[in-house]
Amino acid sequence: MTFTNFDAIPRDRLPALLRAMPKAELHMHVEGSLEPELIFRLAQRNGVALAYPSVEALRAAYAFSDLQSFLDIYYAGASVLLKEQDFFDLAWAYLQRAAADNVLHAEIFFDPQTHTARGVPIETVIKGLDHACRRAHQELRISAKLILCFLRHLSEDEALATFEAALPYKHHFIGVGLDSSERGHPPEKFARVFDRARAAGLHVVAHAGEEGPPEYIRSALDVLEVERIDHGVRSVEDPALLARLAKEGIPLTVCPLSNVKLCVYKTMAEHQLPALLAAGLKATVNSDDPAYFGGYVNQNFVETFAALPQLGAREAYVLARNSFEASFADAAAKAGWIAQLDAAFAAAAQ
Ligand code: HPA
Ligand code: ZN
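Criteria and cut-off values
- Residues numbered from 1 in each chain as written.
- Chains lettered and ligands numbered in written order.
- Predicted model: local features only at pLDDT ≥ 70, side-chain atom pairs only at ≥ 80, totals over all residues.
- Heavy atoms only, no water.
- Helix = DSSP H or I, 4+ residues; strand = E, 2+ residues; numbered from the N terminus.
- Rg over C-alpha atoms; globule rule 2.2 N^0.38 Å.
- Buried < 20%, exposed > 50% of the residue type's maximum accessible area, 1.4 Å probe, protein only.
- Contact = heavy atoms within 4.5 Å.
- Areas by Shrake-Rupley, 256 points an atom, 1.4 Å probe, with all protein chains shown as cover.
- Lys, Arg positive; Asp, Glu negative; His and termini not counted.
- Charge placed at Lys NZ, Arg CZ, Asp CG, Glu CD.
- Near = heavy atom within 4 Å.
- Polar contact = N/O pair within 3.5 Å; in protein donor to acceptor, adjacent residues only side chain to side chain.
- Core = buried A, V, L, I, M, F, W, Y, C linked by side-chain atoms within 4.5 Å.
- Pairing = 2+ DSSP bridges.
- Axes fitted to C-alpha atoms, helices over the stretch in contact; angles between N-to-C directions.
- Donors = N, O, S within 2.8 Å, 3.2 Å for Na, K, Ca; no water.
- Tetrahedral: all angles 85-135°; square planar, octahedral: opposite > 155°, others 65-115°.
- Phe/Tyr/Trp six-rings, centres within 6.5 Å; stacked < 30°, edge-to-face > 60°.
- Lys NZ or Arg CZ within 6 Å of the ring centre and 35° of its normal.

Moving on: the overall build of the chain. In terms of helices and strands, the chain carries 17 helices and eight strands. Relative to the globule expectation of 20 Å for 350 residues, the C-alpha radius of gyration of the chain, 19 Å, shows essentially globular dimensions. Within the span of the chain, comprising 350 residues, buried residues form 58% of the whole. In the chain, the proportion of contacts linking residues at least 24 apart, taken out of those at least 6 apart, comes to 77%. When the accessible surface of the chain is summed, it comes to about 13,300 Å², and 53% of that surface belongs to carbon and sulfur atoms. Charge centroids of the chain, computed over 33 positive and 44 negative side chains, lie 4 Å from each other.

This is how it looks when you write it as structure tokens:
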């Protein structure tokens, strides 16, 4: 650790520092950044009928009891995405918000099967998203990469067909992930397609231990050989697993507002992020589906730190530093970002 003078940063400076500090975002589903206003704009542009009469009525429906109750609305919202321009507009809107939150690097999930099932070619999806990532690098100075996720409620054969269809565009994404309904769909269901992805030189991550049991985190590591666990908060139920995650330095991409909205925890005060950090895990803070869960990455940081007095300037630094170290960027990029992080903390300690 380079910066060490945490005692020089009073608690009342923390919210501003959390917003200003440079960070990476490693767990954000681009379809989950589709704001109600853009849903209505795209529905009109594409002549798609919506089940809700207004932006306000749609937003009012965002009250979830668990992961599935969210996914039903999330897939319905994505039905307005049809053209390459739509996918560009979606990712561009997110990247502008991320840049405003001082995100220097974003690794963005997308769900091609949500779109190919409606007849949208995978090329349309990938080209639109990739165009936004390239433009963001030029104009917003933000580094943005894509990670293709398989929907785990569908079959492995469907995931394999999706992977084959995406291979011609492999240079546009850096890895594969696994999302959607977790319970009843263990990681090992996707052993073959993850073998193929690793053999193709892609990075591999998976959602595990959000609603599913700690055993799903173990099989994501042992069978899929993932490099990071998305969510992973249920690891706190299994001390041996916690020790393994710490020892092996496996990053966890934690999403605090998501966990509260989807009732993994009743309140933010019950969130286990402090326990994960205390156990020495390489945890990070991310927004998951910011249009649905009440905010982008800075909102996650500010609300989490406000609710949990165990989290102070030291934890802010560790979380931001973890976000760069856990990224799939090269060592030189990581070192440059961490130098910027150190500078932001040194300024806050003045
Ligand atoms: N979990 C699983 N699938 C998802 C999520 C999530 O939090 N967000 C979007 N797809
Ligand atoms: Zn997620």
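After that view of the structure, there is still more to cover.
Surrounding ligand 1, one finds His29, Leu67, Phe70, Leu71, Tyr74, Asp179, Ser180, His207, Glu210, His231, Asp288 and Asp289. At a separation of 3.3 Å, a nitrogen atom of ligand 1 approaches a polar side-chain atom of His29. A distance of 2.7 Å separates an oxygen atom of ligand 1 from a polar atom in the side chain of Asp288. Protein chains shield 100% of the accessible area of ligand 1, which is 260 Å² for the free molecule. Here the shell around ligand 1 gets four residues from one element, more than from any other, and that element is helix H4 (residues 67–77).

Moving on: the nonpolar core. Counting residues in each nonpolar core, the largest one holds 118 residues, and the members touching the most others are Ile108, Phe194, Tyr292 and Phe345. A total of eight residues in this core trace back to one element, the largest contributor, which is helix H5 (residues 84–100). In this view, Phe345 contacts Phe3, Phe6, Ile9, Leu17, Met21, Ala313, Ala316 and Tyr317; residues no more than four positions away in its chain are not counted.

This part takes up the sheet that holds strand E4 (residues 175–179). Taken together, eight strands build an open sheet; the order of strands is E1-E2-E3-E4-E5-E6-E7-E8 and the sheet is parallel. Single-partner strands in this sheet number two, and they are strand E1 (23–29) and strand E8 (282–285). Mean inter-strand twist for the sheet, computed between neighbouring axes without regard to direction, equals 25 degrees. Across the sheet, helix H16 (residues 313–325) lies against E1, strand E2 (103–110) and E8, angled at about 100 degrees from E8, the strand it touches most.

For the rest of this paragraph, the subject is the pairing of E1. Within E1, seven of the seven residues are buried, leaving the element largely enclosed by the surrounding structure. Note that E1 and E2 share five bridges and pair parallel. Within E2, the residue paired with Lys23 across the bridge is Val103.

Each protein donor to the zinc ion (ligand 2) is listed here as His27 (NE2), His29 (NE2), His207 (NE2) and Asp288 (OD); together their distances run 2.0 to 2.2 Å. One can describe the site at the zinc ion (ligand 2) as irregular: its four donor atoms subtend angles covering 82 to 173 degrees at the metal. Written as a sequence motif, the donor arrangement for the zinc ion (ligand 2) is H-x1-H-x177-H-x80-D. Of this pair, His27 sits in strand E1 while His207 sits in strand E5 (residues 203–208), and the two are 180 residues apart along the sequence. Comparing His27 with His207, the two get one shared label, buried.

Take the packing of aromatic side chains next. The tally for this structure, following the rule as stated, stands at 19 aromatic pairs. With centroids separated by 6.2 Å and ring planes inclined at 40 degrees, the aromatic side chains of Phe3 and Tyr317 adopt a geometry described as tilted. Of this pair, Phe3 sits in the segment before helix H1 (14–20) while Tyr317 sits in helix H16; the two residues are 314 residues apart in sequence, bridging distant segments of the chain. Residue Tyr317 is classed as buried on the basis of its relative accessible area of 0%. For the ring pair Phe324 and Trp337, a centre distance of 5.5 Å and an interplane angle of 35 degrees mean the geometry is tilted. Note that Phe324 is positioned in helix H16 and Trp337 in helix H17 (residues 331–348), a separation of 13 residues in sequence. The residues Phe324 and Trp337 share a single accessibility class, namely buried. Taken together, the aromatic side chains of Tyr62, Phe64, Phe70, Tyr74, Tyr75, Tyr292 and Phe293 make up a single cluster linked through ring pairs. The side chain of Arg97 reaches across the aromatic face of Tyr296, ending 4.3 Å from its centre.

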